[in-house]
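The lines below spell out each chain.
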Amino acid sequence: MSKEPYAQLTKGTFIIASPDINSGMYFRGVILICEHGPTGSFGILVNKVLDVEIPEEVINMKEITNPRLQIRAGGPLQPNQMMLVHSNDQQPDITLKLCDGTFLGGDMQFLQEAMSDPNGPAVLLCFGYCGWGPGQLEREFLAGMWFICPASSKHVFDTSPEKLWQTILREMGGKYATLSMIPDDLSLN
């Protein structure tokens, strides 16, 4: 895979943090773009595991029987807002297709059913999201802060979140594969 041209910065694209982002929430972040246009962009971080206590009246974690449900920090904006990224294509009226096999949206009934189904869809329960104003993401991309490649449901749901950044860069090949080998802590190099 080679670096995609700017015109490919669209819904259903991964933006992958360049090594220039060396701290904070976006450090080695992989963001799934959910919307991109002249008024701005928004996406969901898909590789930041969130270990949080969710109030039982919101979601009873003891009732989860779906082994494919995972919790993520979706981004720094509105961290109390819950966003659902999932593999269920049966609700086109209340979901947005992001890429093949990956959808955004759903209601509490969908979430409850997905949580209690041991054979249910893959679900990322994301808290918060990432957002950019008009032209901001383009400027960041052109400044080299992000690499882009087409998103895949395999990476969203099946690749270990701790290995997602390295895996995608390695698959992109060339200089990206080399960057994938940079240690988390450069002082260990």
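Note: the structure precedes this text.
Note that the structure is predicted; figures quoted are calculated from it, not measured.

Draft legend 1. Looking closely at helix α1 (residues 108-115). Every buried residue of α1 is accounted for by F110, L111, A114 and M115. Here the buried residues of α1 occupy an arc of 125° about the axis, which is enough to place them on one side. Looking at the buried residues of α1, the elements they touch are β4 (69-73), β5 (77-86), β7 (102-105) and β8 (123-132).

Draft legend 2. Focus on the pairing of β7. The sheet contact formed by β5 and β7 spans two bridges and is antiparallel. From the neighbouring strand, H86 faces β7, where its bridge partner is F103. Bridging between strand β6 (residues 95-99) and β7 involves four bridges; their strand directions are antiparallel. Within β7, the residue paired with L96 across the bridge is L104. Counting the residues that bridge the hairpin from β6 to β7 gives two residues, and of these G101 lies at a positive phi of roughly 80°.

Draft legend 3. Region of interest: the nonpolar core. Counting residues in each nonpolar core, the largest one holds 41 residues, and the members touching the most others are F14, I15, I16, V85 and W146. Non-local contacts of I16, meaning those with residues more than four positions away in its chain, are made with G29, M145, W146, F147, I148, C149, W165, I168, L169 and M172. I59, L84, M115 and F127 belong to the second largest nonpolar core, which has 12 residues in total.

Reading the values: the criteria
- Residues numbered from 1 in each chain as written.
- Predicted model: local features only at pLDDT ≥ 70, side-chain atom pairs only at ≥ 80, totals over all residues.
- Heavy atoms only, no water.
- Buried < 20%, exposed > 50% of the residue type's maximum accessible area, 1.4 Å probe, protein only.
- Helix = DSSP H or I, 4+ residues; strand = E, 2+ residues; numbered from the N terminus.
- Arc of directions from axis to C-beta.
- Contact = heavy atoms within 4.5 Å.
- Pairing = 2+ DSSP bridges.
- Core = buried A, V, L, I, M, F, W, Y, C linked by side-chain atoms within 4.5 Å.

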